[in-house]
Each structure stands twice: as structure tokens, then as C-alpha cells.
Amino acid sequence: MPKNKNIKSILLIGSGPIIIGQACEFDYSGSQALRSLREDGIETILINSNPATIMTDPTMADHVYLLPLTTKSIIKILKEHPHIDAVLPTMGGQTALNLCIEADEKGIWEDFNVDIIGVDIDAINITEDREKFRELMLQIGVGMAPQATATSFLKGKEIAQEFGFPLCIRASFTLGGAGASIVYDEKEFDEALTRGLEISPIHEVMIDKALLGWKEYELELLRDKNDNVVIICTIENMDPMGIHTGDSITVAPAMTLSDKTFQKMRDMAIHMMRSIGDFAGGCNVQFAVSPDEEEDIIAIEINPRVSRSSALASKATGYPIAKIAAKLALGYTLDELDNQITKSTSALFEPTLDYVIVKIPRWNFDKFEGSDRTLGLQMKAVGEVMAIGRSFQEALHKATQSLEIKRNGLGADGKGYKNYDQIIEKLTRASWDRVFVIYDAIQMGIPLSRIHEITKIDMWFLKQYEELYHLEKEISTYTIDNIDRELLLEAKQKGYGDRQIAHMLKCLESEVYNKRRELNINRVYKLVDTCAAEFKAQTPYYYSTFESEVETADGVVSVANESVVTDKKKVIVLGSGPNRIGQGIEFDYCCVHGVLAAAECGYETIMINCNPETVSTDFDIADKLYFEPVFWEHIYDIIQHEKPEGVIVQLGGQTALKLAEKLDRYGIKIMGTSYESLDLAEDRGSFSKLLKENNIPYPEFDVATSADEALAIADVLDFPILVRPSYVLGGQGMKIVINKQELEEHVIDLLKSIPGNKLLLDHYLDGAIEAEADAICDGENVYIIGIMEHIEPCGIHSGDSNATLPPFNLGEFVMQQIKDHTKKIALALNTVGLINIQFAIKDDTVYIIEANPRASRTVPFIAKAYKEPYVNYATKVMLGEKKVTDFNFNPQLDGYAIKQPVFSFNKFPNVNKKLGPEMKSTGESILFIDSLKDDEFYDLYSRRKMYLSK
């Protein structure tokens, strides 16, 4: 039992819809905390409004409340569960902390006799109120940058006059650096000061002297009630100060820190954590270090909760921070808990890494036309990838291969920048693709000293890049026939992909693959074991690398592979890679349920994914986790090693689906719907032929591959015309055009960014109602799990629409057509598993917009609204274990559930906020209403046409 015997029931506050600055890392920490509490027999009550996450799955907590995160909801829950003993607010990001503080100020916790555990409210106030924090740091002898607080415009101007430019402005009590910026002159300062004062809930900003060029570090700590403190991970930002850590390329362990400075930083972090209050749990501390011999250390901030970095640190070290933090909040001490990886040592230890981690953020600037793409103090990334390698170079390459931005790694793919001015500009104003631009600069011959002078990135990192470039140059002097084993092995050890080596050797990727097999240069898999193999690890969590052969005393030559293959029947689930707009946390939910369902069917489950924020990449979800890029070469090598029965591609969004063709070509079985069917649905021309054969209406359309063809088609179809490319996700590149000039501009634009794509031109059904259906099909029977009607008109992407389940004003005649079309299409496509179909309804005729034979964004929403585990059922159908008729479907929903999109436009103040066919929302929440007379429904319905942009 927990050490605090009085705690039997806990309320956990989630983080709500996903926004930039607060993403699914809190779903991961919340899910881990819930599992950890339940292990101790604690009754768990969860409040969270996000329907797409694993965290709000009914199996995760004893009571799940999908309610808005407000004090009104908190009071409702506390009245229904008067026996709640404590609230744990540290697992739900800033949203949960802010709600906890608000409830505390209103006296709600006191009224219901609820304790706050895991953090001390005074500690939150000290760390969030930058003035109080500064005073405390000076008191305990921790250095800070010269800074002052302003609560008015006038005061801000006075401070600027005193400090001089450049300055940093940060708003108090905000998340993801909202309202923060670096300003270089008075005009910029006035704008940023006004914005910061407005965005801060207490209308306060901290103005500090900008420490541009200083190095930035983060430490992740845990502390128990007996004041035992462990430092789980030290993370170094490759980018210097001035770029938000969420937008920085980060490396663990720290690479360029002297031991003396590291020890000093550790002591400071522990001193800071102990001084901010008496609490047990996780903590994140950020420091700046001067880039000179002195290595002066200055504190930036401290967060007394699990953070974005603690998800990364957990995955990087294998030490589950949130799980242990939840135990500490219950009153356990670190020495009483097990190390989750070895199961034989205690949790009171500091992980040691015998590998390197690199995290690279993933941006979506293409969705925010006109946005400022320069990186600064305000976070703009929507997701991130993490890679594990034996060296910085290998991990860096693997991380770039994980990004899914059509790059094969650094350099050696012919896609680099060649223009000197453009390269200098991108380095000067930190660009999202600077990780590639540094390589391009070296390739162009720009000296390292100049790159360092512009970017202030530590010379050690730049020299690592330079080594890679020299290796590329050397390999390029060989051919596939005369390259020697040693050089090829070195390229693989440094992370170069077969595609890149093929580019250097001017041959095919398959030739490089065959050559390395012939020379016995194969991937080996290593355990992530938290203790550099000093103790035996029990968890099956692997990364790949290449090793030189070692000869033992008795003459046996081999490489050490730690991934032991069993003789059980296996299935691989492909994850969805980094979060982005159009492909988010809902696919993590699907992958987790898919893994669990396959395990129920007796399979050994294998998960491949590279997203550090997700539950699917937790080390104890699948039987085996390969933390690897969802990139063909890596996947194929794992398949060759594990020899599974097949691969599930339906649950990992477009990322997994795009690999279906390769799997099919290499004769690897796809579980569920075949590649032919997946391809038929994606190829808009072939799909429309299928609809025609089945007498199913669709908007008039044609396919174009050039601007000339598109203009000729426009003479036949009437404007407005909807232009959309094939094989894309989240409506990428879709646009409604109303004349020939707009059509020509958009088609030329699209073909420049997606060369060789087939563009579909549809007659846009102006004023139509949009609806969608999700179904499970086993090839013979179809069960429709849900039909949703969009409140906004046709033309706004389904991910950006408010949608109601069930529909609110579609008549019987229309509903019957939707049901008939769904069943016909699912069967015609030979669907085995899930399918999502989107409809436009005009004059009582139901037209088909598109069909996706895979898990869709709405499946988790429908599963939560109807309280049914649809992904579990669908996976069993894909595996051929069950038929649709084997399930006893029993959906339960009184009234309506509304899916409400949430946007992150506040990160891009100058962007056009109109909505259209291209998706822009970063997350969603669920709202339950009893009837259509509800004020919130009325409000949504009355504004439905406001944002439609053509």
C-alpha cells in the first residue's frame, strides 16, 4: 500500500485538446500516472476533454469525465464523488496547473476537503511569477540574467531604456512561450510588450537582457518526501539561447559540457528544486551557460511538474518519470521503488546512457500561410521525432530520416540549398530546416568559423557535421563495385541511409542493400537499459546500430545482437511518426488498441515508431518496441530480423499507409485490407470509376497533371472547382478556386511542391452539407460504427469542422443513402478492417467526396462517445480472428456528442484565420449535449459559415 494510507481516491486533471506548446506528451504522462496509481489500488477519477487520446479511454481510469476543463466541471465531479481524497495536477501540463490554481483560489479544494499532491501551490506561484522567482534565486545565490518585471506599458519602456537592446520579453503564466519574443529595436519592442501584457493572465511580463549565443541545457529531476533527489537526464540544446526548447534540436546526454560545470549545474538544480517548496514529484530546470572558458551558469526557469522534456527524457533513458512521480506523490520514497527496466535495482539511481539521443521538432508552416517562419522564444513546432544511435552523427541521421519531409538524411540526396545568400539568411534568422542548411553551408565551402559566428552553435557540433561531409566526399570517389567494406561500414555507423550512399555511388538503393548484405554489414539491435548494461534489463526496448565484428579468443567472429527472436507468431504495428496537423494523437490511440487486441489474439506484438510523446512508444505496451524511424530501410531490416506473420498499416495514419506499396512489392503480408484496395481508394481516378460501376453519385471531376490540362478541364466543369492532389493527408494542398487565374496559380504551385502528382479537379458543391461515416468490414459484412454530420458547410476540411454524432438534421431518405453507399463502397474495396467515407449532400442526393480504408481521425471520438472499443474489434477483423457478426455491438449515447476543433492561431498572429479544404486545427475536444436546444449548439450553428474561405 502507498505510504500515505489516507489516500484512496485521486482526481487527475488532463491537459485538454492538443495545441502548439502542449501536445500528447501529457497524454503519455497522464496515462502512465493513471496506470501507476491503479497498481496501488487507488480509485482514479479523470477529467479531460480530449477524445482522441488513450488517456480518456474507459479502461485507463475507474471514472472518466469527458468534460470541459473548468471549475464548474470540477465541482460537478466532486459532488458526484465526495470521497475524493486528493488531486494530482502535475500530469496535465500548464492547463491542469492553471485549473488547479483557479480551483484553489476559489476555495473549491478546501470546500470538498481535497489535498493537492505532487506539487505545492506556493511552488507553482513562485516559479510562474517571474519576479518572485528572481528574488528567490538571488536569495539562494543562483545567477539570473539582468531582468525586471513590468505590469504596465510605461514601466516596460523604462526597463528597456535602462537595459538597452536586444531584450527578451516573456509573459507570466503562459505555455509554450506564448507571448515571448526577442526584440532588437524600439518598434519591435512596443508591439511585443503590448502583446505580452495582453496574453498574460495577470498582465505581467518579464523583460531580461538577451543572452544571445549562450548555450542552453535542461535537467530532469525527481524528488521524494525524504528529499532524495535523482537527476534522470541532462539534455543539451544544439541551438543556443533565443530558440524555445520545444523548437530546438536537442541532444542527450549533454555533449559539450565540462565535468566541472556539469557538477556545478547539478548542485544548482538540486538547490533550486529544494528551495521552491516542499513537494514530491518531477521537475524540469533550464540553464544558460556562457560559451567561453568561464562557463558561467545562469538559471532560466524551473517547472515543478512533468514537462514536454520529461516525456523525451523518459524515452531517452528508459526511466518512466511520470510513473515514478505519481508514486512519489502518494508518499513513496525512491529507495522503496523498483527500477522499471532491471526490476532488480531501486529507482534511486541515475540512468547512464551508452548511446546518444537526438530530438528534432516537426513544424507545419505550410498550414499557416503568411506566418513568420523564423524560430524564437515562442514555440511553433507541432510534433517531434527522437532517434537513438551509438554516436551523435548516427542519431542525427536517424532523426532526420524520421521527419517525413521527403529527406533521406543530411546531404547526399540532391535536395540541399545551393544559393549562398539563401543559406546565410536561413542561418542568420534561425529557420526550421537549419539542421539541413548547416550541411549545405559546409558543402558550399563556408568556413566553420563563419557558421559558428552566425549561429553560435558550438564548434563541436559543427565539426561533427564537417566529418560527415568529408565522408560523403570520400565515398563519392568510389563506385558500388570498388567501395571497400571498411568505408561502407563507416558510412552506416554514421547513420547514412542506403538511399544516400546510392546517391553518392550513383547506383540503386537496392544495389547498396545487396552489397552490404554480401559484405555482412547488417543492423544489430541494442537494448535501452538505463544502466549502460551494468545490470540485466528485463524490458524489450530496442534501437538499431552497426557494429564492427569482434573476434573472441576461440576465433569466433560476430557482432552482438541483443534482440532475441522468439518462435511465436508475430505481428508488426507501424506507428504514425511525428505529430503534425492532419495526423495526430488519434493514431497513437489506434496503435495502442491495435497492439493490445493483437496480444489478445495470441500474437507477439512488435511496435515500430519514433515519436517520443506517445503512449504507443512506451516500453511496456507492445511485447517489443523498436524505437526506429518509420522509414523503409529501418522497417525492412526489422521485418527481416523478426519474420512476422504480417504488418498492420491501417492504424498509423498516412505514414504507415504510404509504406503499403513497398511492403506489397517485397512480398510482405499486409494484415487486413490489401495494398490493391488501399491504392484504389487513394487513386482518385480509379476510385471514381469504382463509384460509377456501383451507381454511386460523386461530384463531376477530372484528373490533370499540368496547368494546361487543368485549364482545359475548367471549361467543362463549372467554377467553383476544388483542386486536390492524390496521396496526401489533412487536405494538404487542397483549395477551392473560383476563376482561371486562381486555378493556374494554384496548380503551378502544387506541382512545384509535389512534382509528378495527379491533381483531381472536382466541381465544388456550393452550399452542400457534409457528413462522414466510419465502418468496420470483414470483406462480407459491414457494421457502421458512426455517422457524423458537420455543422460547417461542405468545403471546410472535416478535421476543422464541428461535427455531431449522430446527425442532427439529415432525413431518413438521406441517412439510408449514406448507409447504402458506405456498405457498397466498403465491400467493393474489399475492406478488411476500418474505413472512413466522406459525403456531400445537396438537394437530398448524397455524393461521395472520398474514402479512406484505414483508421480515421474520428474513430477514437466515436469509440468514446458510444463507449465501445471499435479499434479492438477492427484489429481482430484485420487479423482474420473474428468476423463483424461475432461482436455484440451496443452503442450508448443519450443526446449528442460534438467534436470541436481547436486551433493554435495565437502562435501566428499575422496569419489568415479563415478555414477551407486544407486542415489547420491542432487538436479537438468533445462536448456532450442533451438536445439541440442547448445554447452551445445554437452558438456553433449560427456561426457555421463565417470562416469559409475559397
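See the structure above.
Residues numbered from 1 in each chain as written. Predicted model: local features only at pLDDT ≥ 70, side-chain atom pairs only at ≥ 80, totals over all residues. Heavy atoms only, no water.

Colleague: So what's going on with the pattern of salt bridges? Which residues, and what values?
Modeller: Applying the stated rule across the entire model yields 50 salt bridges. The salt bridge involving Arg 35 is made with Asp 618; its shortest N-O contact spans 3.4 Å. Pair noted here: Arg 35 is in helix 1 (residues 25-39) and Asp 618 is in the loop between strand 22 (604-609) and strand 23 (624-627), with a separation of 583 residues, a long-range link. Judged by relative accessible area, Arg 35 falls into the partly exposed class, the value being 25%. In this structure Asp 618 comes out as buried when scored by relative accessible area, which is 2%. For Lys 624, the salt bridge identified is with Glu 642, shortest N-O distance 2.6 Å. With Lys 624 in strand 23 and Glu 642 in helix 21 (residues 632-642), this residue pair connects regions lying 18 residues apart in the sequence. Residue Glu 642 is classed as buried on the basis of its relative accessible area, which comes to 1%. In this structure, a network of salt bridges that share partners links the residues Arg 35, Glu 39, Asp 40, Lys 323, Lys 327, Asp 618 and Asp 620. (Salt bridge = Lys/Arg side-chain N within 4 Å of Asp/Glu carboxyl O. Helix = DSSP H or I, 4+ residues; strand = E, 2+ residues; numbered from the N terminus. Buried < 20%, exposed > 50% of the residue type's maximum accessible area, 1.4 Å probe, protein only.)

Colleague: Quick rundown of the packing of helix 18 (residues 498-505) against helix 19 (residues 509-518)? Include the residues and the values.
Modeller: For any two helices packed against each other, the geometry is given by the interaxial angle and the distance between the axes. Between helix 18 and helix 19, the least distance of the axes is 8 Å, while the angle of their chain directions is 105°. If you check the angle between helix 18 and helix 19, you find them roughly perpendicular. Counting all contacts with helix 18, which are made through Asp 498, Arg 499, Ile 501 and Ala 502, the residues of helix 19 involved are Glu 509, Val 512, Tyr 513 and Arg 516. Partitioning the contact of helix 18 with helix 19 into residue classes produces four nonpolar, no polar and four charged. (Axes fitted to C-alpha atoms, helices over the stretch in contact; angles between N-to-C directions. Parallel < 35°, antiparallel > 145°, perpendicular 65-115°, else oblique. Contact = heavy atoms within 4.5 Å. Nonpolar A, V, L, I, M, F, W, Y, C, P; charged D, E, K, R; others polar.)

Colleague: Any details on the nonpolar core? Residues and values, ideally.
Modeller: With 177 residues, the main nonpolar core has Tyr 319, Leu 574 and Val 649 as its most contacted residues. Leaving out residues up to four positions away in the same chain, Val 649 has contacts with Leu 574, Ala 656, Leu 657, Ala 660, Leu 663, Ile 670 and Leu 678. Within the second largest apolar cluster, 28 residues are counted, among which are Leu 221, Met 265, Met 272 and Phe 279. (Core = buried A, V, L, I, M, F, W, Y, C linked by side-chain atoms within 4.5 Å.)

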